[in-house]
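# An overview of the molecular structure
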Amino acid sequence: MKSSQYPVQDLRRRALAWAIKLKVNPRVIRVQEMRKKWGSCSSSGTVTLAIDLLDCSERFQDYVIVHELLHLRYERHGRMFKAVLSAHVPGWREFELRNREV
Ligand SMILES: [Zn+2]
């Protein structure tokens, strides 16, 4: 990953760019310590991303970002959810084995 003076802002910017691309409208995107998850999405539209993502590859970041943003449109990991995820992050299933929830 490119080094930046503001890695947290960069991650948020990346998530905002995805939100535009996916045509979803998160109320707020925050980056914070999370121990058991890589990210979460509340029903009120708050998307939270684990700060540890800064140490992960951009592809994995994209996977978690797209996954959480898609929860603004689909509550469950159903067929449509997985189809849209596959369209934007091909090969995402390889990430399923990482030992945290998304
Ligand atoms: Zn999920």
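Everything quoted here is computed from the prediction, not taken from an experiment.

This part covers the nonpolar core. Counting residues in hydrophobic clusters, the biggest one holds 18 residues, and the most contacted among them are Ala 15, Leu 49, Ile 65 and Val 66. Elements represented by at least two residues in this core include exactly α1 (7–22), β1 (28–32), β3 (46–50) and α2 (58–70). With 6 residues, α2 is the single largest residue contributor to this core. Once residues lying within four places of it in the same chain are set aside, the contact partners of Ala 15 are Ile 29, Val 47, Leu 49 and Ile 65.

Another point: the sheet that holds strand β2 (residues 39–41). Across the sheet, 3 strands lie side by side as β1-β3-β2; this open sheet has mixed pairing. A strand with exactly one partner marks an edge of an open sheet, and here the two such strands are β1 and β2. The sheet shows a mean angle of 15° between the axes of neighbouring strands, taken without regard to direction. Pairing of β2 with β3 involves 3 bridges; the strand directions are antiparallel. Bridge pairing in β3 links Cys 41 to Val 47. Lying on the sheet, α1 is in contact with β1 and β3; it crosses β1 at an angle near 145°.

The two faces of the sheet receive side chains in turn, since in a regular strand these alternate between them. Side-chain alternation along β1 places Ile 29 and Val 31 on a buried face and Val 28, Arg 30 and Gln 32 on a face that remains uncovered. Two strands pair when backbone bridges link them, and β1 and β3 are joined in this way by 5 bridges, in the parallel orientation. Counterpart to Ile 29 in the pairing with β3 is Val 47.

It is worth spelling out α2 at this point. Structurally, the α-helix is built with 3.6 residues per turn, so residues lying three or four positions apart point the same way. Between its first and last C-alpha atoms α2 spans 18 Å; for 13 residues at 1.5 Å apiece the expected length is 18 Å, and the two agree. Where α2 is concerned, the buried positions are Gln 61, Tyr 63, Val 64, Ile 65, Val 66, His 67, Glu 68, Leu 69 and Leu 70. Considering only its buried residues, α2 is in contact with α1, β2, β3 and α3 (79–88).

Let us look at the confidence of the model for the protein chain. Here the protein chain averages 93 in pLDDT, and 95% of its residues register 70 or above. Element-level mean pLDDT values for the protein chain span from 96 in β2 up to 98 in β3.

Cut-offs and rules
Residues numbered from 1 in each chain as written. Predicted model: local features only at pLDDT ≥ 70, side-chain atom pairs only at ≥ 80, totals over all residues. Core = buried A, V, L, I, M, F, W, Y, C linked by C-beta atoms within 7 Å. Buried ≥ 20, exposed ≤ 12 C-beta atoms within 10 Å, placed from the backbone. Helix = DSSP H or I, 4+ residues; strand = E, 2+ residues; numbered from the N terminus. Contact = placed C-beta atoms within 7 Å. Pairing = 2+ DSSP bridges. Axes fitted to C-alpha atoms, helices over the stretch in contact; angles between N-to-C directions. Expected span 1.5 Å × (residues − 1). pLDDT = per-residue confidence, 0-100.

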